[in-house]
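# What the coordinates show
Spelled out from the first residue to the last, the chains are:
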Amino acid sequence: MIVKLKVDSKMYADYIAYLFPPGTDGALKVSSEHMMGKLLIAHCREAPRPMFESDDDLVVTLRLPQCESTQNLRNKFLYYNAGDMLQLNKALHAAFELDFVGYYRRGQALQFAKKDIVEGFVTSRKLISTDCVDALYKRVYRRQQREAAALVKKLIRKAYYLEESIDTSGLPK
């Protein structure tokens with residue numbers, strides 16, 4: 001059971017290939033044990049005839065597993081509509097972000113340098129078809145900026161609360 005999915009960027013195409021390694025025919029073997037695999041199976045639709053497919057380099061070919069959830073899809077033309085592709089791409093982005101943040105936090109806990117953590121993630125996930133190291137560095141930088149701004153805001157609120165709570169009316173000036 002073959003279906004094609006258009007992903008947003010080459011980095012996500014590499015990431016989905018990491019999640020579902022390709023088989024001998026080059027199609028990515030989707031596993032129903034992985035949360036992303038369950039979503040890919042759940043959003044699959046059947047058509048009465050083959051759907052028009054572009055052979056863009058951002059289109060990945062998926063081979064769905066033979067399981068209880070896919071038994072009704074055998075010998076059918078499968079596709080994802082535009083809404084399904086949008087939802088699946090959002091889910092893929094979320095899975096990537098969770099994986100990257102978790103990997104980065106574990107690397108930070110072991111006191112590795114930011115450069116080593118990002119390069120380790122890129123190498124371990126085989127994100128080699130594009131130069132995504134800079135993009136991941138920027139994500140880390142932006143996240144650190146947001147965390148610093150949130151900390152400053154929290155400290156300012158705490159200082160304001162303390163200033164308002166302490167009664168200084170009877171103290172000499």
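Residues numbered from 1 in each chain as written. Predicted model: local features only at pLDDT ≥ 70, side-chain atom pairs only at ≥ 80, totals over all residues. Heavy atoms only, no water.

## With respect to the pairing of strand 4 (residues 59-63)
When strand 1 (residues 2-6) meets strand 4, the two strands line up antiparallel, connected through 5 bridges. When the sheet's bridge partners are listed, L5 is paired in strand 4 with V60. Relative to strand 4, strand 2 (residues 28-29) runs parallel, the two being bridged by 2 bridges. If you follow K29 over to strand 4, its bridge partner there is R63. (Pairing = 2+ DSSP bridges. Helix = DSSP H or I, 4+ residues; strand = E, 2+ residues; numbered from the N terminus.)

## So, a nonpolar patch on the surface
Side chains of Y161, L162 and I166 sit close together on the surface and give an oily, nonpolar patch of about 330 Å² of accessible area. Summarising the element assignment, L162 is placed in helix 5 (residues 133-165). On the accessibility criterion, L162 (42% relative accessible area) is partly exposed. (Patch = residues over 30% accessible without salt bridge, like charges linked within 9 Å, V, L, I, M, F, W, Y side chains within 5 Å. Areas by Shrake-Rupley, 256 points an atom, 1.4 Å probe, with all protein chains shown as cover. Salt bridge = Lys/Arg side-chain N within 4 Å of Asp/Glu carboxyl O. Buried < 20%, exposed > 50% of the residue type's maximum accessible area, 1.4 Å probe, protein only.)

## Regarding the packing of helix 2 (residues 35-42) against helix 3 (residues 82-109)
With their axes 11 Å apart at the nearest point, helix 2 and helix 3 run at an angle of 180° to one another. In terms of their interaxial angle, helix 2 and helix 3 are classed as roughly antiparallel. Contacts between helix 2 and helix 3 pair M35, M36, L39 and L40 from the former with L88, A91, L92 and A95 from the latter. Split by residue class, the contact of helix 2 with helix 3 holds 8 nonpolar, no polar and no charged. (Axes fitted to C-alpha atoms, helices over the stretch in contact; angles between N-to-C directions. Parallel < 35°, antiparallel > 145°, perpendicular 65-115°, else oblique. Contact = heavy atoms within 4.5 Å. Nonpolar A, V, L, I, M, F, W, Y, C, P; charged D, E, K, R; others polar.)

## Some details on unusual backbone geometry
As a rule of thumb, non-glycine residues mostly have phi less than zero, and peptide bonds are mostly trans rather than cis. The backbone phi angle of Q111 is positive, close to 65°, even though this residue is not glycine. Relative accessible area serves as the criterion here: at 73%, Q111 is assigned to the exposed category. Non-glycine residue K126 carries a positive phi angle of around 55°. According to the relative accessible area criterion, K126 is exposed, its value standing at 55%.

## Concerning the packing of helix 3 against helix 4 (residues 114-124)
Here helix 3 crosses helix 4 at 135°, and the two axes come no closer than 10 Å. The angle between helix 3 and helix 4 places the two elements in the oblique class. Regarding helix 3 and helix 4, the two cross each other, and that crossing is right-handed. The segment helix 3 lies against helix 4, with F96, D99, F100, Y103, Y104, G107 and Q108 engaging K114, I117, V118, G120, F121 and S124. For the contact of helix 3 with helix 4, the class distribution of residues is 7 nonpolar, 4 polar and 2 charged. (Left-handed = near helix turned anticlockwise from the far one by under 90°.)

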